[in-house]
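Listed below, chain by chain, are the residues.
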Amino acid sequence: QDKNKYQTPKHRKEHDPEEYLRGAVAATVNVVVTFPANKLMFRQQLENLSVTRAFRGMRAEGWRNLYRGVGPPLAQAAISKSLMFGLASDYEAFLLNENVVGSPALAAHVGALMAGSTEALLAPLERIQTLLQTSKFNSRYDHAWDVARSLRVHGVREYYRGIRPVVIRNSLSTALYLGLKDPSRDALEAIVPPTERGSVAGFVASFVSGGLLGASLSTLFFPLNVAKSVMQKQVGGPHAPLWATLVDVYRDRGGVQGMYRGVSVNMSRSLMSWGIITSVHDLMRGRRKRSEERRVG
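A. Focus on the packing of aromatic side chains. Applying the stated criterion to the full structure yields three aromatic pairs. Seen in terms of ring centroids, phenylalanine 85 and tyrosine 177 are 6.4 Å apart; in terms of plane orientation they differ by 75 degrees. Their pairing is edge-to-face. In this pair, phenylalanine 85 sits in helix H4 (residues 71-97) while tyrosine 177 sits in helix H9 (residues 163-189), placing the two residues 92 residues apart along the sequence. The pair phenylalanine 85 / tyrosine 177 is uniform in exposure class, with both members buried. Considering the side-chain rings of tyrosine 177 and tryptophan 274, the 4.7 Å spacing of their centres and the 50 degrees angle between planes classify their relative orientation as tilted. Of this pair, tyrosine 177 sits in helix H9 while tryptophan 274 sits in helix H14 (residues 263-296); the two residues are 97 residues apart in sequence, bridging distant segments of the chain.

See below:
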């Protein structure tokens with residue numbers, strides 16, 4: 001076994017530190033564009049409102065509060081997507097180059113699971129975002145640092161309230177997204193006649209395939225997000241188990257349909273959000289690849 005450990009790997013993968021930058025830039029563009037829709041969906045989830053009532057509530061609060069709480073999700077998204085793309089690439093390279101895993105496909109899947117789990121370290125940012133976007137806390141908390149200071153009296157664990165649904169959601173969704181991202185884009189791009197393929201067709205293929213994939217995965221894990229929001233809106237007190245929270249939400253909202261309240265806005269937001277993230281990431285990666293090809297040529 002020790003001898004095999006030091007054998008030359010059958011497959012090697014170069015580390016690509018620019019994956020961290022691509023993820024951060026893609027996430028930043030996405031948050032600026034989609035934050036209002038995301039806030040509308042969040043209000044529906046947390047307060048069990050229709051789209052119309054949630055929109056009227058946000059409009060009554062005024063434009064000044066439209067981007068209230070954007071700081072934590074902007075920071076969280078930029079760091080999260082930077083880690084998602086960067087760590088998945090680094091974990092995959094480590095697993096292959098150190099002969100931990102011999103199959104490139106398996107290394108990619110395991111690396112994505114590890115990257116998604118690592119992202120859960122950023123759960124305190126989601127926690128702060130939840131409290132800032134909850135209307136009953138509008139007068140209690142002024143900004144993100146105010147929330148962070150107030151939670152400190154409850155101990156470190158309070159920052160990680162609702163961590164279990166975050167870990168499950170992040171690890172599984174990251175593995176599925178990164179595993180299906182390139183194949184789905186290539187399949188969609190293959191529909192376009194060879195004579196019409198180019199950078200525009202590639203960008204559109206990335207946007208559409210990434211949007212559809214992201215919307216599907218976010219819908220699949222939507223009940224976990226609802227449970228996470230319900231768990232994180234509480235300050236202090238006992239930490240409710242994930243399963244008990246899901247059961248309570250199911251009962252309080254009258255079944256599965258109630259658990260999916262807000263899913264229509266979520267799907268629309270995810271189509272746009274993951275379309276932006278995927279297309280910006282692929283665009284930056286494609287430019288890097290073309291630049292390398294020109295240098296080699």
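B. Fine view of the side chain of arginine 269. The topology assignment puts arginine 269 in helix H14. Despite its burial, arginine 269 pairs with no opposite charge; the closest candidate is glutamate 126, at 9.7 Å N-O. Discounting residues that sit within four places of it in the chain, arginine 269 has contacts with Thr34, Ala37, Asn38 and Met41.

C. Region of interest: the environment of arginine 285. Within the secondary structure, arginine 285 sits in helix H14. Here arginine 285 falls in the partly exposed class, since its relative accessible area comes to 27%. With near-sequence residues (within four places) excluded, arginine 285 lies in contact with Glu19, Arg22, Lys181, Asp182 and Arg185. Within polar-contact distance, the side chain of arginine 285 engages the side chain of aspartate 182 at 3.2 Å. Separated by 3.3 Å, the side chains of arginine 285 and aspartate 282 make a polar contact.

Reading guide: rules and limits
Residues numbered from 1 in each chain as written. Predicted model: local features only at pLDDT ≥ 70, side-chain atom pairs only at ≥ 80, totals over all residues. Heavy atoms only, no water. Phe/Tyr/Trp six-rings, centres within 6.5 Å; stacked < 30°, edge-to-face > 60°. Helix = DSSP H or I, 4+ residues; strand = E, 2+ residues; numbered from the N terminus. Buried < 20%, exposed > 50% of the residue type's maximum accessible area, 1.4 Å probe, protein only. Lys, Arg positive; Asp, Glu negative; His and termini not counted. Salt bridge = Lys/Arg side-chain N within 4 Å of Asp/Glu carboxyl O. Contact = heavy atoms within 4.5 Å. Polar contact = N/O pair within 3.5 Å; in protein donor to acceptor, adjacent residues only side chain to side chain.

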